[in-house]
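Architecture and fold: a report
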Amino acid sequence: MGDEVKRTTYDREERREYRRKLQVCLDVFETMLAQSHFDSDHPLTGMEIECNLVDAGYQPAMSNRRVLDAIGDPAYQSELGAYNIEFNVPPRPLPGHTGLDLEAEVRASLNDAEVKASAGGAHIVMIGILPTLMPEHLDHDWMSESNRYAALNDSIFSARGDDIPINISGPEPLSWQAVSIAPESACTSTQLHLQVAPEDFAANWNAAQVLAGPQLALAANSPYFFGHQLWAETRIELFAQSTDTRPDELKTQGVRPRVWFGERWIDSVVDLYEENIRYFPSLLPEVSEEDPVAELAAGRAPQLSELRLHNGTVYRWNRPVYDVVHGRAHLRLENRVLPAGPTVVDMLANSAFFYGMLRSLSEDETPLWTRMDFVAAQDNFLTAARHGMAARLYWPGLGEVSARELVLTTLLPIAHDGLRRWGVDRAVRERFLGVIEGRAKTGRNGAGWQVSTVRTLEDGGMSRPAALAEMLRRYCEHMHANEPVHTWDQEEGHVV
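Quantities reported herein were computed from a predicted structural model and do not represent experimental measurements.

**Overview of the overall build of the chain**
Looking only at helices and strands, the chain has 16 helices and 15 strands in total. Its C-alpha radius of gyration of 22 Å places the chain within 12% of the 23 Å reference for a compact globule of 496 residues. Counting only C-alpha atoms, the chain reaches 70 × 50 × 45 Å along its principal axes. By the burial criterion, 60% of the 496 residues in the chain qualify as buried. Nonlocal contacts in the chain, meaning residues at least 24 apart in sequence, comprise 76% of its contacts between residues at least 6 apart. Put simply, the chain shows about 19,000 Å² of open surface, and 48% of that area lies on carbon and sulfur atoms. Across the chain, the centroid of the 46 positively charged side chains sits 2 Å from that of the 71 negatively charged ones.

**A word on helix α8 (residues 269-279)**
Along α8, the positions that sit buried rather than exposed are Val-269, Val-270, Asp-271, Leu-272, Tyr-273, Glu-275 and Asn-276. Sitting at the amino-terminal end of α8 is Ser-268, which places a side-chain oxygen 3.1 Å from the backbone nitrogen of Val-270.

**Observations regarding the pairing of strand β12 (residues 318-325)**
In terms of burial, β12 is a largely internal element, 7 of the 8 residues being buried. Both β12 and strand β13 (residues 328-339) contribute to a ladder of 8 bridges, which runs antiparallel. By the bridge assignment for β13, Pro-320 is matched with Leu-333. Hairpin geometry of β12 and β13 is characterised by an intervening segment of 2 residues between the two adjacent antiparallel strands and by a positive phi of about 55° at His-326.

**Side note on empty space enclosed by the protein**
This structure, assessed with the given rule, holds 3 cavities of 30 Å³ or more. A volume near 230 Å³ is recorded for the largest cavity. Contributing to the lining of the largest cavity are 20 residues, with Leu-94, Gly-99, Leu-102, Ser-351 and Tyr-355 lying nearest its centre. Put simply, the parts of the chain that give the lining of the largest cavity at least two residues each are β1 (45-54), β3 (84-92), α3 (98-118), α11 (344-362) and α14 (426-442). Looking at the lining of the largest cavity element by element, the count peaks at 4 residues for α11. A class-by-class count of the residues in the lining of the largest cavity yields 13 nonpolar, 6 polar and 1 charged. Size it by volume and the second largest cavity reaches roughly 140 Å³. For the second largest cavity, the full set of lining residues is Arg-107, Leu-110, Asn-111, Glu-114, Ile-124, Met-126, Val-344, Met-479 and His-480. Breaking the lining of the second largest cavity down by element, the ones donating at least two residues are α3 and α16 (464-481). Per-element tally for the lining of the second largest cavity: the top contributor is α3, with 4 residues. When its residues are assigned to classes, the lining of the second largest cavity shows 5 nonpolar, 2 polar and 2 charged.

**A closer look at unusual backbone geometry**
What you tend to see is this: most non-glycine residues have negative phi, and most peptide bonds are trans. With an omega dihedral of -5°, the bond running from Gly-341 to Pro-342 counts as a cis peptide bond. You can see Pro-342 is positioned in the loop between β13 and α11. Located in the positive-phi region is Phe-226, a residue other than glycine, with phi close to 55°. For Phe-226, the position within the fold is in the loop between β8 (224-225) and β9 (228-229). Even without being a glycine, His-326 presents a positive backbone phi close to 55°. Counting through the fold element by element, His-326 comes out in the loop between β12 and β13.

**Here we look at the pairing of β3**
As judged from the 7 bridges shared by β1 and β3, these two strands associate in the antiparallel manner. Directly across from Ile-49, in β3, lies its bridge partner Phe-87. As defined by bridge partners, strand β2 (residues 76-78) adjoins β3 across 3 bridges and the pair is classed as antiparallel. Opposite Ser-78, over in β3, you have Ile-85 as the bridge partner. The antiparallel pairing of β2 with β3 creates a hairpin that spans 5 residues between the two strands.

**Considering the layout of surface pockets**
By volume, the second largest pocket is sized at about 430 Å³. Lining the second largest pocket are 22 residues, with Glu-237, Ala-240, Pro-257, Val-259 and Leu-382 sitting closest to its centre. Of all the elements in the fold, those that place two or more residues in the lining of the second largest pocket are β5 (164-168), α6 (234-242), β10 (259-260) and α12 (374-387). Here the lining of the second largest pocket is built from residues that sort into 12 nonpolar, 4 polar and 6 charged.

**Quick look at the pattern of salt bridges**
For the coordinates displayed, the defined rule picks out 33 salt bridges. Notably, a salt bridge pairs Glu-17 with Arg-20, separated by 2.7 Å at the nearest N-O pair. Of the two residues, Glu-17 and Arg-20 both sit in helix α1 (residues 12-34), 3 residues apart, roughly one turn of that helix. Put simply, Arg-359 and Glu-363 hold a salt bridge, and the shortest N to O gap is 2.5 Å.

**Some remarks on α3**
Taking 1.5 Å per residue as the helical rise, α3 with its 21 residues ought to reach 30 Å, and the 30 Å between its terminal C-alpha atoms agrees with that figure. Those residues of α3 that sit buried are Thr-98, Gly-99, Leu-102, Glu-103, Val-106, Ser-109, Leu-110, Ala-113, Glu-114 and Ala-117. Along the axis of α3, the buried residues cluster in a sector spanning 145°; they form a single face.

The rules behind these values
- Residues numbered from 1 in each chain as written.
- Predicted model: local features only at pLDDT ≥ 70, side-chain atom pairs only at ≥ 80, totals over all residues.
- Heavy atoms only, no water.
- Helix = DSSP H or I, 4+ residues; strand = E, 2+ residues; numbered from the N terminus.
- Rg over C-alpha atoms; globule rule 2.2 N^0.38 Å.
- Buried < 20%, exposed > 50% of the residue type's maximum accessible area, 1.4 Å probe, protein only.
- Contact = heavy atoms within 4.5 Å.
- Areas by Shrake-Rupley, 256 points an atom, 1.4 Å probe, with all protein chains shown as cover.
- Lys, Arg positive; Asp, Glu negative; His and termini not counted.
- Charge placed at Lys NZ, Arg CZ, Asp CG, Glu CD.
- Polar contact = N/O pair within 3.5 Å; in protein donor to acceptor, adjacent residues only side chain to side chain.
- Pairing = 2+ DSSP bridges.
- 1 Å grid on protein atoms, 1.4 Å probe; cavity = no way out; pocket = protein on both sides within 12 Å on 5 of 7 lines; lining within 4 Å.
- Points joined across faces, edges and corners; volume = space filled by probe spheres on them.
- Nonpolar A, V, L, I, M, F, W, Y, C, P; charged D, E, K, R; others polar.
- Salt bridge = Lys/Arg side-chain N within 4 Å of Asp/Glu carboxyl O.
- Expected span 1.5 Å × (residues − 1).
- Arc of directions from axis to C-beta.

Note that every value here comes from positions in space, so none of it alone points to a role or purpose.
This is the structure we're talking about:
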């Protein structure tokens, strides 16, 4: 959920002091980079899984406080919506047999959480957007109890000075006016973390940007919002619009959006933090008591609270993370591209594909991004969000190619090689990348299965709301069985 804050309103003097402190933090951060004050000897990976809660009728259940109390595990936390929770998977190294162990551990933890949640009438669903969510669910009592979320809502609307228009194209276009940031709560993702040495950060971030399009094409799992079939991964556009602080006049002036793909390849992690400070006013200008200069001079790793808090309100799809663990500072790359679900094995397959590709691409002697315009990577990302497995993507040396062909003929061998470089056991590589191969061969991802199933149910006489609820019921059965989505029963011939 990000760092909690103590206040929900801030005055002009507090904002001025925050800006000053933010620049001090950046200066200290640059000094630390120059002096190699970072832990990177044994890089760890991590995962956050954002989930939805539903009742017995598969409608949103605004009960995360009660569910979290029942689960009683600090690895589970609240998220923006009262119908959201987040599971933080403990960090671990990537090599060896870890992936299969992780699959068993994540399944066991989520199954235990589901048992405890269901005792109170709620059920946990891993999906990019809850398909049964409707406008009336976001009228009131939708937000989790948190100063951070209340302050974000107030700050975004103060900056805009108006309601937020939600206009999304697709087979059934949607136009709606949001009076709060509630639509953001509909967007539930799987976030992947990789600890990175500072000198390797730029190559890994650039590689992750190149990879964002293929990631989305493979993993799209959010075709419905408010009952409308929209993009294959509607979450991407919905998240961008629901957190947009810019009124129309600032958009026409070229002011950057808070949810941002970026606009250029980088040479250093500092580039990203500098852009964050230069382009984005603070939404949560809370000043800490720490003197980061004094902390560094005393030989301690400073928390850099202002830098971290500000970074947490600029929603890059691949985001830098500075953190201090056990007194040691480290850098992480946070990949925010992927939706949650459909199953644990699908999410771990997505993560294996990402980590394998990242290792290979970031170590390439002739990096792909030196042969690819940045705007091409962004176009791939948006095209994949719109069309999923049916997308055609640009790739250096190939030109425009179908996502399925790109994955099968070019990317899978690269991912296998990257995982081998990580020292990942063959059984782990074959299990998870085999899921990716199956998805590419069949053209079936979560979005495709959802759309095909709803169409079949509607053809059988169900209304759209009833079909969405029944689809979600079947989805949950498959989710608990942990069979990859490309093997789920569905009508043939429909690719999303």
